[in-house]
Amino acid sequence: QVQLVESGGGLVQPGGSLRLSCAASGFTFSTYAMRWYRQAPGKERELVAGISSAGGITNYADSVKGRFTISRDNAKNTVYLQMNSLKPEDTAVYYCNARKTWVDSTIREYWGQGTQVSVSS
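Just so you know, these numbers come straight off a predicted model, no measurement behind them. (Residues numbered from 1 in each chain as written. Predicted model: local features only at pLDDT ≥ 70, side-chain atom pairs only at ≥ 80, totals over all residues. Heavy atoms only, no water.)

Points about the side chain of Arg38
Then step 1. Turning to its location among the elements, Arg38 is positioned in strand 4 (residues 33-39).
Then step 2. One polar contact links Arg38 to Glu46, side chain to side chain, over a distance of 2.6 Å. (Helix = DSSP H or I, 4+ residues; strand = E, 2+ residues; numbered from the N terminus. Polar contact = N/O pair within 3.5 Å; in protein donor to acceptor, adjacent residues only side chain to side chain.)

Here it is in structure tokens:
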């Protein structure tokens, strides 16, 4: 059974930091690219950061560049999102995503249940 379980969300003051974790099970984690998405109330889900299967390639939304860092530990089947200098506009539900494109172009994708991040004074 595939599971992506996020943790680490919470309430933080502007300028503060949080570290999100996403623990994966039920699939070969090290062969999947991993991403963090977020969705704020009334807005569409947006890609925040992504990391390749081996961890050598990362990408970020312009809004979080220089503040957020995505990383992964394939030995622990876990992906992380370190969030620094948080702003109120970072408030959202954050979702972990696993995605793999097979040789025949088939895409397999899994989602976590989300974790709430609230940035407020």
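Here the narrative resumes, following the displayed structure.
Re the packing of aromatic side chains
Then step 1. By the definition in use, this model includes five aromatic pairs.
Then step 2. With centroids separated by 5.1 Å and ring planes inclined at 40°, the aromatic side chains of Phe27 and Tyr110 adopt a geometry described as tilted. Of this pair, Phe27 sits in the loop between strand 3 (18-25) and strand 4 while Tyr110 sits in strand 10 (residues 107-111); the two residues are 83 residues apart in sequence, bridging distant segments of the chain.
Then step 3. The side chain of Arg19 reaches across the aromatic face of Tyr80, ending 4.0 Å from its centre.
Then step 4. Sitting above the plane of the Phe29 ring, Arg72 keeps its charged end 4.4 Å from the centroid. (Phe/Tyr/Trp six-rings, centres within 6.5 Å; stacked < 30°, edge-to-face > 60°. Lys NZ or Arg CZ within 6 Å of the ring centre and 35° of its normal.)

Digging into the sheet that holds strand 3
In any sheet, the strands associate via hydrogen bonds between backbone groups, in a parallel or an antiparallel arrangement.
Then step 1. Taken together, the four strands give an open sheet; going across it, the order is 1-3-8-7, and neighbouring strands pair in antiparallel fashion. Single-partner strands in this sheet number two, and they are strand 1 (3-7) and strand 7 (68-73). For this sheet the average axis-to-axis angle between neighbouring strands, irrespective of direction, equals 15°.
Then step 2. As defined by bridge partners, strand 1 adjoins strand 3 across five bridges and the pair is classed as antiparallel. Among the inter-strand pairings, Val5 is bridged to a residue of strand 3, identified as Ala23. (Pairing = 2+ DSSP bridges. Axes fitted to C-alpha atoms, helices over the stretch in contact; angles between N-to-C directions.)

Some points on the pairing of strand 9 (residues 92-101)
Then step 1. Counted residue by residue, strand 9 has seven buried out of ten residues, so it is predominantly covered.
Then step 2. Taken together, the seven bridges between strand 4 and strand 9 define a ladder with antiparallel strand orientation. When the bridges of strand 9 are listed, Arg35 appears paired with Asn97.
Then step 3. Summarising the sheet, strand 9 and strand 11 (residues 115-119) pair through three bridges and their orientation is antiparallel. Looking at the pairing, Tyr94 lines up with Thr115 of strand 11.
Then step 4. Summarising the sheet, strand 9 and strand 10 pair through five bridges and their orientation is antiparallel. For Arg99, the partnering residue across the bridge sits in strand 10 and is Glu109.
Then step 5. Between strand 9 and strand 10, which follow one another and run antiparallel, lie five residues, and Ser105 among them has a positive phi close to 75°. (Buried < 20%, exposed > 50% of the residue type's maximum accessible area, 1.4 Å probe, protein only.)

Some thoughts on the state of the cysteines
Two cysteines form a disulfide when their sulfur atoms are joined by a covalent bond.
Then step 1. Tallying each qualifying case throughout the model produces one disulfide.
Then step 2. With its sulfur 2.1 Å from that of its partner, Cys22 forms a disulfide with Cys96. Across the S-S bond linking Cys22 and Cys96, the dihedral sits near -80°, which makes this disulfide left-handed. Here the residue Cys22 occupies a position in strand 3, and Cys96 occupies one in strand 9, the gap between them amounting to 74 residues.
Then step 3. Residue classification places Cys96 among the buried positions, given a relative accessible area of 0%. (Disulfide = S-S within 2.5 Å.)

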